[in-house]
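# A closer look at the structure
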Amino acid sequence: MFDEFISALEKVASLGEEVVRQEAGVLEQETQALEKIVAMVKPVMRFIDYPIEDGRHHSGHQFHSWKVYHYKERGIVLVDRFSREFTDKDYRGIYTGSQLVLTRSGALVVLSRQGDWSNWQGEPCSWDAKATEITPEEAVKRYGLAEIIKGMLEAFREAIKKAETKRQVLGKRLETLEQVKSILGS
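Residues numbered from 1 in each chain as written. Predicted model: local features only at pLDDT ≥ 70, side-chain atom pairs only at ≥ 80, totals over all residues. Heavy atoms only, no water.

Here we take up the side chain of Asp 49. Tracing the sequence through the fold places Asp 49 in the loop between α2 (45–48) and β1 (53–58). Under the relative-accessibility criterion, Asp 49 is labelled buried at 7%. In this structure, Asp 49 is in contact with Arg 74, Gly 75, Ile 76 and Arg 104, ignoring residues within four places of it in sequence. (Helix = DSSP H or I, 4+ residues; strand = E, 2+ residues; numbered from the N terminus. Buried < 20%, exposed > 50% of the residue type's maximum accessible area, 1.4 Å probe, protein only. Contact = heavy atoms within 4.5 Å.)

All right, on to the nonpolar core then. Within the largest apolar cluster, 22 residues are counted, with the highest numbers of intra-cluster contacts made by Leu 34, Leu 78, Leu 100, Leu 102, Leu 108, Ile 148 and Met 152. Only α1 (2–41), α2, β3 (75–80), β6 (98–103), β7 (108–118), α3 (136–143) and α4 (145–184) provide two or more residues apiece to this core. In terms of residues, this core owes the most to one element, α4, which gives 5 residues. Beyond its immediate chain neighbours, meaning those up to four positions away, Leu 34 contacts Leu 108, Pro 136, Ala 139, Val 140, Leu 145, Ile 148 and Met 152. Ile 52, Val 77, Val 101 and Trp 117 belong to the second largest nonpolar core, which has 13 residues in total. (Core = buried A, V, L, I, M, F, W, Y, C linked by side-chain atoms within 4.5 Å.)

A word on the packing of α1 against α4. Following both chains from N to C, one finds α1 and α4 inclined at 15°, their axes separated by 11 Å at the closest point. Relative to α4, α1 is oriented roughly parallel. For α1 against α4, the interelement crossing comes out left-handed. Contact residues: α1 offers Glu 30, Ala 33, Leu 34, Ile 37, Val 38 and Val 41, while α4 offers Leu 145, Ile 148, Ile 149, Met 152 and Phe 156. Along the lines of polarity and charge, the residues of the contact of α1 with α4 split into 10 nonpolar, no polar and 1 charged. (Axes fitted to C-alpha atoms, helices over the stretch in contact; angles between N-to-C directions. Parallel < 35°, antiparallel > 145°, perpendicular 65-115°, else oblique. Left-handed = near helix turned anticlockwise from the far one by under 90°. Nonpolar A, V, L, I, M, F, W, Y, C, P; charged D, E, K, R; others polar.)

The next subject is the packing of aromatic side chains. Taken as a whole and judged by the stated rule, the model has 4 aromatic pairs. Between Tyr 91 and Trp 120 the ring centres are 5.2 Å apart and the planes differ by 35°, which places this aromatic pair in the tilted class. Taken together, the residues Tyr 91 in the loop between β4 (83–88) and β5 (92–96) and Trp 120 in the loop between β7 and β8 (125–134) connect sequence positions 29 residues apart. Tyr 91 gets classed as partly exposed once you look at its relative accessible area, which sits at 37%. Relative accessible area serves as the criterion here: at 42%, Trp 120 is assigned to the partly exposed category. Its end group placed over the ring of Trp 117, Arg 84 keeps NZ or CZ at 3.9 Å from the ring centre. When the ring centre of Trp 127 is taken as reference, the NZ or CZ atom of Arg 113 above it lies at 4.9 Å. (Phe/Tyr/Trp six-rings, centres within 6.5 Å; stacked < 30°, edge-to-face > 60°. Lys NZ or Arg CZ within 6 Å of the ring centre and 35° of its normal.)

Here is the structure:
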């Protein structure tokens, strides 16, 4: 039994060291891949980015609408882990969670959300987000490369959809313009 104990101990130590080395190598390669991806995406950010919400406030009054605040720079949300938690049955709670954002300038920013919500009329609701710039390595460690790429792909799909719709609208405007020009004889 003691021989088996020593053998198992040596095997665990050997495998543990191998896994640590392998994990460090994979993390390094994923980080390099993310850096290259960000560099590839940066030139097209102006076509896919949008204002990023970093806060909201509602007075709680019936006819009041939400006041929305935006981050200082446009970007795309790569990973959305914003959530709400209940603290008082279904009536009150807190806003929590984080989002990973790629800004137009190519920075990776984590927005950490905090705030309170209420379903009672007259009680205010609000949240704001603290922004922290992180490195590609920190992003990969925290969110995983696959989830980050999935978020980019969603942003690309949405941008393609919007661009195709806009292109159709512009095509119809050109048709109208051609008709007007033919009537005017130009």
